[in-house]
Amino acid sequence: MLVTQQPVFRKFWHAVMPLTELAHGPKPFRLLGEDIVLFLDANGQPAALRDRCCHRTAKLSKGWCVDGEGKACGQGAIQCGYHGWTYDRSGQVVRIPQYEPDRKISPEYKTTAYHCTARYGYAWVALEEPIADIPVIPEFEDPGYRTIFQFYEEWQTSPMRALENSFDNSHFSFVHRATFGVAASPKPSKYELVENESGFYAETVIEATNPVKFHSISGVTDAITTRHMRNAYFLPFARRLDIEYPSGIRHIIINCFTPIDDGRMQLCQWLFRNDTEADCAAQMLIDFDEEITREDKDILESTDPDALVDTRRRGVEYSMESDRPGMLIRKHLMQLLAKHGEAEVYRGMSGTNGAVIPIAKAA
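Bear in mind that the values here come from a model prediction, so they are computed numbers and not experimental data. Sequence positions are assigned chain by chain, starting from 1 and proceeding in written order. Since the coordinates come from a predicted model, pLDDT governs what is reported: local features require at least 70, and pairs of side-chain atoms require 80 or more to be given and counted, while whole-chain, interface and lining totals use all residues. To get the side-chain values, take all heavy atoms of the structure and skip hydrogens and water.

1. Quick look at the confidence of the model for the protein
Note the threshold: By definition, pLDDT measures how confident the predictor is in each residue, and it falls between 0 and 100. Note on definitions: a residue-residue contact is assigned when non-hydrogen atoms from the two residues lie within 4.5 Å.
The pLDDT averaged across the protein works out to 91; a share of 91% of its residues lies at or above 70. pLDDT under 50 marks residues 352-363. Its contacts with residues more than four places away, or in other chains, come to 27 contacts.

2. Here we look at the pattern of salt bridges
Quick note on the threshold: What counts as a salt bridge is simple: a side-chain nitrogen of Lys or Arg found within 4 Å of a carboxyl oxygen of Asp or Glu. Each helix is a run of DSSP H or I of at least 4 residues and each strand a run of E of at least 2, with the numbering of both proceeding from the N terminus. Working definition: with a 1.4 Å probe on protein chains only, accessible area under 20% of the residue-type maximum means buried, over 50% means exposed, and in between means partly exposed.
Within the structure shown, the criterion is met by 27 salt bridges. Of the charged contacts in the structure, one is a salt bridge between Arg10 and Glu34, with a shortest N-O distance of 3.3 Å. Here Arg10 is found in the segment before β1 (14-18), whereas its partner Glu34 is found in strand β3 (residues 34-40), with 24 residues between them in sequence. Across the salt bridge formed by Glu290 and Arg294, the nearest N and O atoms sit 3.2 Å from each other. Pair noted here: Glu290 and Arg294 are both in helix α4 (residues 282-300), with a separation of four residues, about one helical turn. Note on Glu290: relative accessible area 31%, which makes it partly exposed.

3. Concerning the packing of aromatic side chains
Two aromatic rings, taken as a pair, are described by how far apart their centres are and by the angle between their planes. Going by this rule: Between rings of Phe, Tyr and Trp, where Trp is taken as its six-membered ring, a pair exists when centres lie within 6.5 Å; planes separated by under 30 degrees are stacked, by over 60 edge-to-face, and by other angles tilted. Charge over a ring is defined by NZ of Lys or CZ of Arg lying within 6 Å of the ring centre and within 35 degrees of the ring normal.
Enumeration over the complete set of coordinates arrives at nine aromatic pairs. Taking the centre distance of 4.7 Å and the plane angle of 80 degrees together, the rings of Phe214 and Phe288 count as edge-to-face. In this pair, Phe214 is assigned in the loop between β14 (199-209) and α3 (215-218) and Phe288 in helix α4, connecting sequence segments 74 residues apart. Both residues of the pair, Phe214 and Phe288, count as buried. Cluster of aromatic residues (ring-pair linked, three or more members): Tyr122, Trp124, Tyr152 and Trp270. Seen from the ring of Tyr99, Arg103 lies directly overhead, with NZ or CZ sitting 3.8 Å from the centre.

4. Details of the side chain of Ser218
How we decide: Whenever a nitrogen or oxygen atom comes within 3.5 Å of another N or O atom, the pair is scored as a polar contact, on the condition that within protein one atom can donate a hydrogen and the other can accept it, and that pairs from neighbouring residues in sequence are kept only if both atoms are in side chains.
Within the element layout of this structure, Ser218 appears in helix α3. Of the polar contacts made by the side chain of Ser218, one reaches the backbone oxygen of Val220; its length is 3.2 Å.

5. Quick word on the nonpolar core
Test applied: We call a set of buried Ala, Val, Leu, Ile, Met, Phe, Trp, Tyr and Cys residues a nonpolar core when their side-chain atoms join them within 4.5 Å.
Grouped together as the largest cluster of nonpolar side chains are 63 residues, with contacts concentrated most on Phe9, Leu38, Val125 and Leu333. For Leu333, the contacting residues outside a window of four places in its chain are Met1, Phe9, Met160, Tyr233, Leu235, Pro236, Phe237 and Val309. Tyr120, Tyr122, Tyr145 and Ile254 belong to the second largest nonpolar core, which has 16 residues in total.

6. Things to note about the sheet that holds β14
Strands belonging to one sheet form pairs held by backbone hydrogen bonds; the direction of such a pair is parallel or antiparallel. For the record, the criterion: For two strands to be treated as a pair, DSSP must find at least two bridges joining them. In this description, a line fitted to the C-alpha atoms serves as the axis of each element, helices being fitted only across the stretch in contact, and the angle between N-to-C directions of two axes falls anywhere from 0 to 180 degrees.
Spatially, β12-β18-β17-β16-β15-β14-β13 is the arrangement adopted by the seven strands of the open sheet, whose pairing is antiparallel. Where the open sheet ends on each side, the last strands, each with one partner, are β12 (146-155) and β13 (192-196). Adjacent strand axes in the sheet meet at a mean angle of 20 degrees, parallel and antiparallel pairs treated alike. Sheet analysis places strand β16 (residues 238-244) next to strand β17 (residues 250-259), joined by seven bridges and oriented antiparallel. Within β17, the residue paired with Leu241 across the bridge is Ile253. Contacts between α4 and the sheet are confined to β12, β15 (224-234), β17 and β18 (265-273), with β12 contributing the most and set at about 25 degrees to the helix. With respect to the sheet, helix α5 (residues 324-339) is in contact with β13, β14 and β15, its orientation differing from that of β13 by roughly 5 degrees.

7. Focus: the side chain of Asp261
Along the chain, Asp261 turns up in the loop between β17 and β18. A distance of 3.0 Å separates a polar atom in the side chain of Asp261 from the backbone nitrogen of Gly263. Side-chain polar atoms of Asp261 contact the side chain of Arg264, separated by 2.8 Å.

8. A closer look at the environment of Asn165
If you trace the backbone, Asn165 turns up in helix α1 (residues 159-166). On the accessibility criterion, Asn165 (11% relative accessible area) is buried. The sequence separation of Asn165 and Leu300 amounts to 135 residues, and the corresponding C-alpha distance is 8.2 Å.

Here you go:
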């Protein structure tokens, strides 16, 4: 599936950038193949515009924020770095330095503005009117949990590949054999699956190796422990992984696999823990999850990002029983496409003009 060719994904909120990234001025991002610029407005709220000035098409991300008098500042309107045309969060040009102060600016002078909001320490963007809410993360404001911002990085793969991998128990003994995978137990544990409107809930218990260096992470000292895993999938590209150890420690990971284009995604990962810094240092938890995440990244970047979604296309990819969560993800994505009058678009199919649709290339 080529995500940039599926218009419905433009109608969902996507975690785009940590708010801390905007503290020193505008930043560019590519979302679903669309070049956008993010900045903080005068109220300190994130805003997103098309990264193109309507004057001579320079990238607005080359500019900076200015206050009401046109002076550079950390947050405000965004000023183009080419000729200084200045835009508010609605995309309207509000100041042209070459004009006399009392000269009226045409309302036609504007660029596209996108839906943008702050949530959970991130700027979220929907390219069109959103049809679903941002997934709820109750632990973010729960005093019983601490929030650790773990990863914000580009991967050379697709959200579909990352999603199916995150629910796949059958790769632990192989991909994660150097970390928590139990090599002697390649047969995956069975999920209990319950579907809902936004995706599904998946619960299972797995074995996990627990070397001494992991004891403060798990809270137990057994050489092999268990992880009670409560997973959830949220349309289109988000998941929640709630790991509970026998010690009662909860290791809750939230992922948004944000589509950059048809060959790249942005991994956004939060971690929530019901222990304290004294129990287990945040840096140790980041290092622990990073080692595991690097294993996933290495194998996923070797796969074809144009993942099969419509299973009626026979002979493209084959599946086994333990792939059921991945098949449910495909089912929900296909239902979403059908509801909005779309079919899966994939590399090599002919477009209406007879052209072959290629994978979008990085800028």
